[in-house]
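Observations on chain architecture
Okay, here's what each chain looks like letter by letter:
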Amino acid sequence: MNYITLRDLQNKFGGRSRSQLYRDFGPDGWLPKPIKIGSRLYWREADVDAAIASLAA
């Protein structure tokens, strides 16, 4: 299971800003919520890829 950082997530979405991504995983957002490990946020790469695929379908 791979985890990606906010910077990796920004790169995956073509350089979207942090605030734009935070809106996407907010209460009404379509991105999965992050996992906090220590003081940093991470996302499961498989969950992010599944969310992207569901938009394309």
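Above this text sits the structure in question.
Quick look at the structure, then. (Residues numbered from 1 in each chain as written. Predicted model: local features only at pLDDT ≥ 70, side-chain atom pairs only at ≥ 80, totals over all residues. Heavy atoms only, no water.)

Below, the discussion takes up the side chain of Asp24. Along the chain, Asp24 falls in helix α2 (residues 18–24). Once residues lying within four places of it in the same chain are set aside, the contact partners of Asp24 are Arg16, Gly29, Trp30 and Leu31. (Helix = DSSP H or I, 4+ residues; strand = E, 2+ residues; numbered from the N terminus. Contact = heavy atoms within 4.5 Å.)

With that settled, the discussion passes to a nonpolar patch on the surface. On the surface, Trp30, Ile52 and Leu55 cluster together into a nonpolar patch covering about 250 Å² of accessible area. Within the secondary structure layout, Leu55 lies in helix α3 (residues 45–56). (Patch = residues over 30% accessible without salt bridge, like charges linked within 9 Å, V, L, I, M, F, W, Y side chains within 5 Å. Areas by Shrake-Rupley, 256 points an atom, 1.4 Å probe, with all protein chains shown as cover. Salt bridge = Lys/Arg side-chain N within 4 Å of Asp/Glu carboxyl O.)

The next thing to look at is the sheet that holds strand β3 (residues 40–44). The three strands lie next to each other as β1-β3-β2, forming an open sheet whose pairing is antiparallel. Every other strand in the sheet has two partners, leaving β1 (3–4) and β2 (35–37) as the edge strands with one partner each. As defined by bridge partners, β1 adjoins β3 across two bridges and the pair is classed as antiparallel. In the strand pairing of β3, Tyr3 is matched with Arg44. (Pairing = 2+ DSSP bridges.)

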